[in-house]
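Architecture and fold: a report
Read off the chains here:
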Amino acid sequence: MDELIWSWKGHQISYTKILPQDGSTASGRAVLCVHGFGASKGHWRHNLHALAKDQCVYAIDLLGFGRSSKPASRLDNEPETAGSVRYGFDLWAKQLVDFYSEVIRGDQPVTLQLIGNSIGGVVALNAARLLSERGQAPAQVVLIDCAERELDLKRLPEQPFIAQLSRPLVMALVRQRWIVANLFRFFARAGAVRAVLKQAYPSGGNVDEELVQLLLKPSQEPGATESFRGFVNLFDDWLAPQLLEQLAIPVRMLWGEADPWEPLEEARRWKNAFRCVQELEVLPGLGHCPHDEAPEQVNPILERWLQLGWEGAHRA
């Protein structure tokens, strides 16, 4: 897959484009895949070609991740410095909206569908909200083990009393660059990455050296600590339910039953609570990233759902 570069607000954004595999050059349909925390466009390595049968498929590195620029983080009450950004779901959603307008759509009408894994799911939902407000609503959003963000302050009453009591201290500590840098160095090691993958991929499927390096290499680039700092300080940002209640477009959810971080029970609650959620499909024995862990199971589901999205957009 060739890497392409898009210049956005003075930053370099890395992305991949897969043309329709049926040989057509302009189908008027596009799918944009959005990775999760610590991952990159390469995390869709086993999905892009399978999904590009008769539409263009894109995968993008969010600002601060993969091979995209990694500017300095600016938190609440910190002075603005040259090139610094406030990492968060509004920033990343605006990145997707502008990418759609400038790269995918250009001066041609293109119907869009969004697929997001983990925090990429929240980003995709927020981008769908912004696009809907512009009158350019995507045909559908597909969530794969969407981040539930249980550490957000809005969910603090759900936490144990000791967690509620210690939250101010935790928030004060992770603002400190020296603490974040040491924490980041601990996780940005091959051994630590493999340990995390053992949890995230309970079946062990496709946990290979390519995946380890895909996650590890961006962490060695300048600025990687800053994007990590920005992310771990997102204590008051969008939650998926806030966005789901605002969307009128179809949303479909795919969930690894053995996801160690995003409980299936919450996904089932979303399915029952929000009219936009059309389906929830559960994958037994799979974890947080089923699209990479078992693409042979996931790709046919995504293909079927994308077709439903196109059909719904055509009827509309």
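Attention here is on the structure that accompanies the text.

Scoring rules and cut-offs
Residues numbered from 1 in each chain as written. Predicted model: local features only at pLDDT ≥ 70, side-chain atom pairs only at ≥ 80, totals over all residues. Heavy atoms only, no water. Helix = DSSP H or I, 4+ residues; strand = E, 2+ residues; numbered from the N terminus. Rg over C-alpha atoms; globule rule 2.2 N^0.38 Å. Buried < 20%, exposed > 50% of the residue type's maximum accessible area, 1.4 Å probe, protein only. Areas by Shrake-Rupley, 256 points an atom, 1.4 Å probe, with all protein chains shown as cover. Lys, Arg positive; Asp, Glu negative; His and termini not counted. Charge placed at Lys NZ, Arg CZ, Asp CG, Glu CD. 1 Å grid on protein atoms, 1.4 Å probe; cavity = no way out; pocket = protein on both sides within 12 Å on 5 of 7 lines; lining within 4 Å. Points joined across faces, edges and corners; volume = space filled by probe spheres on them. Pairing = 2+ DSSP bridges. Axes fitted to C-alpha atoms, helices over the stretch in contact; angles between N-to-C directions. Contact = heavy atoms within 4.5 Å. Salt bridge = Lys/Arg side-chain N within 4 Å of Asp/Glu carboxyl O. Core = buried A, V, L, I, M, F, W, Y, C linked by side-chain atoms within 4.5 Å. Disulfide = S-S within 2.5 Å.

Of the regular secondary structure elements, the protein chain holds twelve helices and eight strands. In summary, the protein chain has a C-alpha radius of gyration of 19 Å against a globular reference of 20 Å for 316 residues, a match within 12%. Along the three orthogonal principal directions, the C-alpha set of the protein chain runs to about 55 × 40 × 40 Å. The buried share of the protein chain, taken over its 316 residues, is 54%. Carbon and sulfur atoms provide 53% of the accessible area of the protein chain, an area that totals close to 14,100 Å². Each charge sign in the protein chain was given a centre, from 33 positive and 38 negative side chains, and these centres are 3 Å apart.

Attention shifts here to the layout of surface pockets. The calculated volume of the largest pocket comes to roughly 1,600 Å³. For the largest pocket, the lining is made up of 49 residues, of which Phe-37, Gly-38, Phe-228, Phe-231 and Trp-261 are closest to its centre. Looking at the lining of the largest pocket, the elements with two or more residues in it are helix H4 (161-173), helix H5 (177-187), helix H6 (190-200), helix H7 (209-216) and helix H8 (224-232). Per-element accounting of the lining of the largest pocket gives the leading share, six residues, to H6.

Ordered by their spatial adjacency, eight strands build an open sheet running E1-E2-E4-E3-E5-E6-E7-E8, and the pairing between neighbours is mixed. Of all strands in the sheet, those with a lone pairing partner are strand E1 (4-8) and strand E8 (277-283), marking the two edges. Each strand of the sheet is rotated relative to its neighbour by a mean of 20°, with strand direction disregarded. By the bridge criterion, six bridges tie strand E3 (residues 29-34) to strand E5 (residues 111-117) in an arrangement that is parallel. By the bridge assignment, Val-31 is partnered in E5 with Gln-113. Lying on the sheet, helix H3 (residues 119-133) is in contact with E3, E5, strand E6 (140-144) and strand E7 (251-256); it crosses E5 at an angle near 150°. Seen against the sheet, helix H10 (residues 264-273) touches E7 and E8 and runs at an angle of roughly 160° to E8.

Here we take up the pattern of salt bridges. With the rule as written, the count across this model stands at 24 salt bridges. The salt bridge partner of Lys-41 is Glu-3, with a shortest N-O separation of 3.7 Å. Here Lys-41, found in the loop between E3 and helix H1 (48-51), pairs with Glu-3, found in the segment before E1; they are 38 residues apart in sequence, far enough to count as distant. Residue classification places Lys-41 among the buried residues on the basis of a relative accessible area of 11%. Residue classification places Glu-3 among the partly exposed residues on the basis of a relative accessible area of 34%. The salt bridge partner of Asp-152 is Arg-149, with a shortest N-O separation of 2.7 Å. Looking at Asp-152, the relative accessible area reads 1%, which means it is buried. Each of Glu-3, Lys-41, Asp-61 and Arg-67 takes part in salt bridges that share partners, so that together they form one network.

To continue, consider the side chain of Arg-129. Along the chain, Arg-129 falls in helix H3. Overall, the relative accessible area of 12% leaves Arg-129 in the buried class. For Arg-129, the residues in contact, after removing those within four places along its chain, are Asp-90, Trp-238, Leu-243, Gln-246 and Leu-247.

As defined by bridge partners, E1 adjoins strand E2 (residues 11-18) across five bridges and the pair is classed as antiparallel. Paired with Ile-5 across the strands is Ser-14, a residue of E2. Joining the antiparallel neighbours E1 and E2 is a turn of two residues, in which Lys-9 adopts a positive phi near 50°.

A separate point is the nonpolar core. If you look at the biggest cluster of nonpolar residues, it comprises 57 residues, and the most contacted ones within it are Leu-32, Trp-92 and Val-251. Setting aside residues no more than four positions away along its own chain, Trp-92 makes contact with Leu-62, Leu-63, Phe-65, Tyr-87, Ile-119, Val-123, Phe-231 and Leu-234. Membership of the second largest hydrophobic core comes to 22 residues, among which are Ile-18, Val-298, Ile-301 and Trp-310.

Turning our attention to the state of the cysteines. Under the criterion given, the structure shown has zero disulfides. Here Cys-276 is not cross-linked by a disulfide; its sulfur's nearest cysteine counterpart is in Cys-146, at 11 Å. Take Cys-276: its relative accessible area is 5%, and that puts it in the buried class. Between Cys-289, a cysteine without a disulfide, and Cys-146, which holds the nearest cysteine sulfur, the sulfur-to-sulfur distance is 13 Å. Overall, the relative accessible area of 7% leaves Cys-289 in the buried class.

This is a description of form; function is not addressed.
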